[in-house]
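So you can see what is in the structure, the chains are spelled out below.
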Amino acid sequence: MSAMRKLLVGAVLALATTAASAETAPAAPQPALMAAKAAHGRLLGIAAAGKQLLAVGQQGVILQSQDGQHWQQLPSPVSSMLNRVRFLDPQHGWIVGYDGSILGSRDGGNSWQLQHFDAEARALHDVLFISPQRGIAVGAYGTVLTTDDGGGHWLAQDSVLAELALHLNSLVLLRDGALIVVGEGGLIARSEDQGQSWKLLKSPYIGSWFGALPFGEKGMLLFGMRGNVYSTADASALLPEDSATLHAMDRESAATAAAAAALGWRGFDNPVQESLFGGSLRGTDEALLVGVNGVIAQLSLSAGTLTPMKKLRDEPLSGALWFHEQLLVVGRRGVQNLGAIQ
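First, a word on scope: everything that follows refers to the structure included in this document. Given the structure is predicted, the values throughout are model-derived calculations rather than measurements.

1. Notes on the overall build of the protein
Working step 1: In terms of regular secondary structure, the protein is built from three helices and 27 strands.
Working step 2: Expressed as lengths along the three principal axes of its C-alpha atoms, the size of the protein is roughly 55 × 45 × 40 Å.
Working step 3: Expressed as a percentage of its 342 residues, the buried residues of the protein come to 57%.
Working step 4: Excluding contacts between residues fewer than 6 apart, the proportion of contacts in the protein whose partners are at least 24 apart in sequence is 49%.
Working step 5: Carbon and sulfur atoms form 51% of the exposed surface of the protein, whose accessible area is close to 14000 Å².

Here it is as structure tokens:
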């Protein structure tokens, strides 16, 4: 294994969303235990379902809140680590995690049904539905699962992503309808046919991307290892990448702003340089990003600036959500409501 590969794998293992220590997968799914302090354990994902909130994390924990302050645990059909919760609309939601776990809800997250489980399967890191029927889940070592019946059946996809076998960390649906997946080793791929095929794109950074957010009609924002943050105003115009290049030993990140611009990207200087694991849009021009050592940073697209705002007791934060003019974050100490952070 190359030094770069070891570095990337080490960072992914350190990432809160993939830290499954002390969790051993049973051969068959076991329901999560109900715990009085579940809201204060390790949580990895958070999302809004209409007027209520859902958060997920270790040992299959699913939490629900109406106000972002008071949380109650919901029954969960699995005790595996849960990495991400997403909602297509106020009623239809999905959760993914370890052991190939996929859970679905049709009642706004009030109850969850197991759609997929395999104790031998690799971890799933993210899930995204384009419609109530068409969905995609991605995860470790190039895992891509797709469904066309709302999650009733999930099929493994044989694509360039599977061939590369790099960790896939995040999915984003751009406002022009294109899908983007980002991951290990600077991987960026785009789909214009709802995830049936993927086109690799040139990346300004060769380390891992941990998240992506849409902005504008065709643009997106990427964030990842060592605080690297880049944006593009038009993802449809990005240059294609050769699959062999992603494993090349002589790859280098864009060393200057001009080099990044030649690839269609704009970089943001990050004085903290902490790896960023989660983020949420605040309006049309701002994003709030969170990561290692409790860092919270505010990004302004128009000004091109990334400004550290606050730190939370040096704890890793894995997710963030701007909801009703308040910032909620999840991490090692559970869910925290930081209010109207400035």
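Still more ground to cover, so stick around.
2. Digging into unusual backbone geometry
Working step 1: In this structure, Arg226 is a non-glycine residue whose phi angle is positive, near 55°.
Working step 2: Tracing the chain through its elements places Arg226 in the loop between strand E18 (219-224) and strand E19 (229-232).
Working step 3: A relative accessible area of 48% places Arg226 in the partly exposed class.

3. Overview of the packing of aromatic side chains
Working step 1: Considering all chains together, one arrives at six aromatic pairs under this definition.
Working step 2: Between the aromatic rings of Trp94 and Phe129, the centroid separation amounts to 3.4 Å while the plane-to-plane angle is 10°, which identifies the pairing as stacked. Of this pair, Trp94 sits in strand E6 (residues 93-97) while Phe129 sits in strand E9 (residues 124-129), and the two are 35 residues apart along the sequence. With respect to burial, Trp94 and Phe129 carry one shared label: buried.

4. Notes on the pairing of strand E7 (residues 102-105)
Working step 1: Residues Ile102 and Gly104 point to one face of E7 and Leu103 and Ser105 to the other, with burial holding for every one of them.
Working step 2: With four bridges joining them, E6 and E7 adopt antiparallel strand pairing. Looking at the pairing, Gly93 lines up with Ser105 of E7.
Working step 3: Following E6, the chain reverses through four residues before pairing antiparallel with E7; Asp99 in that reversal takes a positive phi of roughly 60°.
Working step 4: Where E7 lies against strand E8 (residues 113-116), three bridges are found, and the strand directions are antiparallel.

5. Notes on the pattern of salt bridges
Working step 1: According to the stated counting rule, one finds nine salt bridges in the structure shown.
Working step 2: Put simply, Glu286 and Arg282 hold a salt bridge, and the shortest N to O gap is 3.0 Å.
Working step 3: On the basis of relative accessible area, Glu286 is assigned to the partly exposed category, the value being 22%.
Working step 4: For Glu315, the salt bridge identified is with Arg333, shortest N-O distance 3.3 Å. Placement of the pair is Glu315 in the loop between strand E24 (305-311) and strand E25 (317-323) and Arg333 in the loop between strand E26 (326-331) and strand E27 (334-337), with a sequence separation of 18 residues.

6. Section: the sheet that holds E25
Working step 1: Pairing is antiparallel in the open sheet, where three strands are placed in the order E25-E26-E27. Only two strands of the sheet have a single neighbouring strand rather than two, namely E25 and E27. In this sheet, adjacent strand axes meet at a mean angle of 20° when their direction is disregarded.
Working step 2: Of the pairings in the sheet, the one linking E26 to E27 comprises four bridges and is antiparallel in character. Within E27, the position partnered with Gly331 by the bridge is Gly334.

Conventions adopted
Residues numbered from 1 in each chain as written. Predicted model: local features only at pLDDT ≥ 70, side-chain atom pairs only at ≥ 80, totals over all residues. Heavy atoms only, no water. Helix = DSSP H or I, 4+ residues; strand = E, 2+ residues; numbered from the N terminus. Buried < 20%, exposed > 50% of the residue type's maximum accessible area, 1.4 Å probe, protein only. Contact = heavy atoms within 4.5 Å. Areas by Shrake-Rupley, 256 points an atom, 1.4 Å probe, with all protein chains shown as cover. Phe/Tyr/Trp six-rings, centres within 6.5 Å; stacked < 30°, edge-to-face > 60°. Pairing = 2+ DSSP bridges. Salt bridge = Lys/Arg side-chain N within 4 Å of Asp/Glu carboxyl O. Axes fitted to C-alpha atoms, helices over the stretch in contact; angles between N-to-C directions.

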